[in-house]
Amino acid sequence: VRGATVRKGTLTLEAQHPGELDAEIAELSAQVSGRILGVDVDIGDRVKKGDVLVRIDVAPAQREVGEARASVRTAQASQKRAAAELKAARADLERGKLLRKEQLISAQELETLSSRVDVLEAQIDSTDAQHQQAKARVGTLTEAIRDARLEAPFDGAVAERYLDAGALVAPAKVILRLVKAGPLRVRFPGPERD
């Protein structure tokens, strides 16, 4: 055992650990296929959240939206026609039932009228499904048009630019790397004793 006099003072502890600076990074990639119309930033440019950085050609998608909207109108017209035919077929079936009670038509003729109602009910279900499918297609294409503009997800600076105007892109193809502005983090390993 050794003894010592207690003294009041400042104790300095030092340690060295290699590490790296780290910031929030976003790799902006295409959500749709197409030709890049413009990349409006260069490496080092500062951007604000919401700034449009890349524009992709949406002309093909816009044409498809027109076609899909026409399909919606066609499906709506088919629904109306099938509903009118079903209404008439149900009326014919009711008249047929009355005529059958009076033995004025055969059982086979009544069965034909009943089958016609069943067929038209199935046709209504089919046209309804076509209508829903066409509406969903319009929604998907409209979303693709919105996705043809890459916007900055946060304030930052452009660190890398992988593609230029005129290049063809596919979904998930990285176009830009953006580094968030603000404080940096330091990452380093350290032993438990430190």
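Quick note: structure is the one above.
Being a predicted model, the structure only gives us computed values, none of them experimental.

Thresholds, definitions, all that
- Residues numbered from 1 in each chain as written.
- Predicted model: local features only at pLDDT ≥ 70, side-chain atom pairs only at ≥ 80, totals over all residues.
- Heavy atoms only, no water.
- Pairing = 2+ DSSP bridges.
- Helix = DSSP H or I, 4+ residues; strand = E, 2+ residues; numbered from the N terminus.
- 1 Å grid on protein atoms, 1.4 Å probe; cavity = no way out; pocket = protein on both sides within 12 Å on 5 of 7 lines; lining within 4 Å.
- Points joined across faces, edges and corners; volume = space filled by probe spheres on them.

Trainee: Describe the sheet that holds strand E3 (residues 34-39), listing the residues and the values that go with them.
Mentor: Strand-to-strand pairing in sheets goes through backbone hydrogen bonds, with the strands running parallel or antiparallel. The strand order across the open sheet built from 4 strands is E6-E5-E3-E8, with neighbouring strands paired in antiparallel fashion. A strand with exactly one partner marks an edge of an open sheet, and here the two such strands are strand E6 (149-151) and strand E8 (168-169). Bridging between strand E5 (residues 52-56) and E6 involves 3 bridges; their strand directions are antiparallel. Looking at the pairing, Val 54 lines up with Leu 150 of E6.

Trainee: Account for unusual backbone geometry, with residues named and values stated.
Mentor: Unusually for a residue other than glycine, Gln 103 sits at a positive phi of about 60°. For Gln 103, the location among the structural elements is in the loop between helix H1 (59-101) and helix H2 (107-146). Even without being glycine, Ala 172 reaches a positive phi, approximately 80°. Structurally, the position occupied by Ala 172 is in the loop between E8 and strand E9 (174-180).

Trainee: Describe the layout of surface pockets, listing the residues and the values that go with them.
Mentor: Of the pockets and cavities examined, the largest pocket occupies roughly 170 Å³. Looking at the largest pocket, the residues that line it are Val 32, Ser 33, Gly 34, Asp 57, Val 58, Pro 60, Ala 61, Glu 64, Leu 141, Ala 144 and Ala 148. Residue assignment for the lining of the largest pocket shows that the elements contributing at least two residues are H1 and H2. At 3 residues, the largest contribution of residues to the lining of the largest pocket is made by H1.

Trainee: Would you mind going over the pairing of strand E7 (residues 156-161) in detail, with residue names and values included?
Mentor: As paired elements, strand E4 (residues 46-47) and E7 share 2 bridges and run antiparallel to each other. Note on E7: the bridge partner recorded for Val 47 is Gly 156. Both E7 and E9 contribute to a ladder of 5 bridges, which runs antiparallel. Within the sheet, the bridge partner assigned to Arg 161 lies in E9 and is Leu 176.

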